[in-house]
Amino acid sequence: MARTPGRLSSTATSGHILEMIRTGSATSRSEIARATGLSRPSVALRVTELMDGGLVTEGTRAASSGGRPPTLLEFNAASGLILTAALGMARSQAAVCDLDGRVLVRAPGSPRMELGPDATVPWLLDTWSEQIAGLGRSPEEVRGVGIGLPGTVEFHAGRAEDRPFLGKWAGVALGPLVAERFPVPVTVDNDVNVMALGEHIAGGHGHTDDMVFVKVSTGIGAGLVSGGRLLRGALGAAGEIGHVPVRDGGGLPCRCGNTDCLEAVAGGRRLLVEAAERGREVAGLQELVALAAEGDPVAVTLVREAGRRLGETLAGAVNLLNPELIVLGGDLSEAYDHLVAGVREVVFQQCTALATRQLRIVASTLWDDAGVRGCAAMVSEEILSPEAVNELLAG
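Note that the structure is predicted; figures quoted are calculated from it, not measured.

Colleague: What am I meant to see in the overall build of the protein chain here?
Modeller: On a plain count of helices and strands, the protein chain comes out with 14 helices and 14 strands. The C-alpha atoms of the protein chain give a radius of gyration of 23 Å, which matches the 21 Å a tight globule of 395 residues would have. If one aligns the C-alpha atoms of the protein chain with their principal axes, the spans along those axes are about 75 × 50 × 40 Å. Within the protein chain, the fraction of its 395 residues that count as buried is 49%. Restricting the contact set of the protein chain to residue pairs at least 6 apart, pairs at least 24 apart contribute 62%. Just so you have it, the protein chain exposes about 17600 Å², and 50% of that area is on carbon and sulfur atoms.

Structure (structure tokens):
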């Protein structure tokens, strides 16, 4: 339904009223009547329907401006569960959230992603089942599932399309696999997109509708928020900044099949190779980041140079999209001071003055929770849309 600053159409449904209560734009029956133009009996009928469906409860009374104070209506986030999973090649997170996206329980894991869905999905299903039981809840309370995958995802089809990176996942629709145990809507997206959504909604960076989230780890990718909405592109391939060619890459091959991509030159794999060449044998990227945080000169140099490389690519994105905020996440961002120094050096040098006038570059505040929070938000957008709520109540 089209929104206007004033009154909604008098055809506002129960689903639209729930949306108003969830967002706080109208939290009493009288406010709903004024906003929608519905009669008081019509509002009462719709609110009763939402309460009978367990989606709305009555809370405290509002302050009175004369007469009996109105009773506030509250969204009942505890009326259902959302299952989420932020899957990664090195480590993953599985969580159960309420309908507001609040994480009720979260568990890390390392399923063998390279073995494909046949190995990872059973781990997910078993983990979720254990978590639900541990909360004393029932599988029948699950309303939706959200999954983030570390590769290009065709969002509307709900499947990975990144054959060089996720060969055994490519073309596999995850919905039917999950539905064997949880027959609910399943939403699948790129891991960086869901992290961007999580940071946008719950990151605590202040209200901003224009943001670029960058995951800098073994791989490099971006999630783009413009006008308050996630930009996925026509087939879900938006934000692949890790595969933008950079200058003076030395002909390094990238997993995508091209050479001199940002990820091949400044991603975690390359940094570990360069660290070894400079006498720093480390077990993994997190160990290199720890060295940088301690001030090791080789590690600091590598991280800062990676930041400069990243800044070259982000400069184009800033001039093109004019974001208000760039959020740096992923393993490398844990050496934030050194990484952001390199990013800022190049971005503020190469971008227009207007594009950087209000630009802030900050570290992720959610870290491992960003993915699961974003997955929950992605699912909520689908299952709590006015149309979906109306269908649920009609059933």
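Colleague: Whenever I open this one, empty space enclosed by the protein confuses me. Can you help?
Modeller: Where empty space is left becomes clear once a probe the size of a water molecule has been rolled over the atoms. Across all of its chains, the model carries one cavity of 30 Å³ or more by this definition. Within this model, the largest cavity holds a volume of roughly 50 Å³. Elements supplying a minimum of two residues to the lining of the largest cavity: β10 (211–216) and β11 (220–226). The leading source of residues in the lining of the largest cavity is β11, at three residues. Counted by class, the lining of the largest cavity contains seven nonpolar, one polar and one charged residues.

Colleague: What exactly am I supposed to notice about the sheet that holds strand β6 (residues 142–149) here?
Modeller: What holds strands together in a sheet is hydrogen bonding between their backbones, with the strands either parallel or antiparallel. Read from one edge of the open sheet, five strands run β5-β4-β3-β6-β9, paired in mixed fashion. Both edges of this open sheet fall to β5 (103–109) and β9 (186–190), since each of them pairs with a single strand only. On average, each strand axis in the sheet is inclined to that of its neighbour by 15°, with strand direction left out of account. Judged from the six bridges that link them, strand β4 (residues 92–98) and β5 form a sheet pairing that is antiparallel. Its bridge partner being in β5, Ala95 is matched across the sheet by Arg106. Relative to β4, helix α4 (residues 117–134) is tilted by about 40°, and along the sheet it contacts β3 (81–86), β4, β5 and β6. Against the sheet, helix α6 (residues 191–202) contacts β6 and β9, and its axis sits at roughly 100° relative to β9.

Colleague: How do you make sense of the pattern of salt bridges when you look at a structure like this?
Modeller: Pairing between side chains of opposite charge can happen when the charged atoms of each approach one another. Under the counting rule described, the total for this entry stands at 20 salt bridges. Taking the shortest distance from any N to any O, the salt bridge between Asp248 and Arg247 comes out at 3.8 Å. Arg247 gets classed as exposed once you look at its relative accessible area, which sits at 52%. Salt bridges here are not isolated pairs; linked through shared partners, they connect Glu305, Arg308, Arg309 and Glu345.

Colleague: Would you mind going over helix α10 (residues 297–321) with me for this structure?
Modeller: Residues that lie three or four places apart on an α-helix share one face, since the helix turns once every 3.6 residues. The terminal C-alpha atoms of α10 lie 35 Å apart, and with 25 residues this matches the ideal 36 Å at 1.5 Å per residue to within 8%. At Thr313, α10 is bent by approximately 30°, the largest bend along its length. Of the residues that open α10, the one with a side-chain oxygen 3.2 Å from the backbone nitrogen of Val298 is Asp296. In the stretch just after α10, Asn322 is the one whose phi turns positive, near 50°.

Colleague: Help me understand the sheet that holds β11, please; the structure alone is not making it clear to me.
Modeller: Here we have five strands laid out as an open sheet, ordered β12-β11-β10-β13-β14, and mixed in their pairing. The sheet is open, and its two edges are formed by β12 (229–231) and β14 (360–363), each paired on a single side. Pairs of neighbouring strands in the sheet enclose a mean axial angle of 25°, with direction left out of account. In the sheet, β11 pairs with β12 via three bridges, with the strands oriented antiparallel. Paired with Leu224 across the bridge in β12 is Leu231. Against the sheet, α6 contacts β10, β11, β12 and β13 (325–329), and its axis sits at roughly 130° relative to β10. Lying over the sheet, α10 contacts β10, β11 and β13, oriented at roughly 160° with respect to β10.

Criteria and cut-off values
Residues numbered from 1 in each chain as written. Predicted model: local features only at pLDDT ≥ 70, side-chain atom pairs only at ≥ 80, totals over all residues. Heavy atoms only, no water. Helix = DSSP H or I, 4+ residues; strand = E, 2+ residues; numbered from the N terminus. Rg over C-alpha atoms; globule rule 2.2 N^0.38 Å. Buried < 20%, exposed > 50% of the residue type's maximum accessible area, 1.4 Å probe, protein only. Contact = heavy atoms within 4.5 Å. Areas by Shrake-Rupley, 256 points an atom, 1.4 Å probe, with all protein chains shown as cover. 1 Å grid on protein atoms, 1.4 Å probe; cavity = no way out; pocket = protein on both sides within 12 Å on 5 of 7 lines; lining within 4 Å. Points joined across faces, edges and corners; volume = space filled by probe spheres on them. Nonpolar A, V, L, I, M, F, W, Y, C, P; charged D, E, K, R; others polar. Pairing = 2+ DSSP bridges. Axes fitted to C-alpha atoms, helices over the stretch in contact; angles between N-to-C directions. Salt bridge = Lys/Arg side-chain N within 4 Å of Asp/Glu carboxyl O. Expected span 1.5 Å × (residues − 1). Bend = angle between axes of the 7 residues up to and from the residue. Polar contact = N/O pair within 3.5 Å; in protein donor to acceptor, adjacent residues only side chain to side chain.

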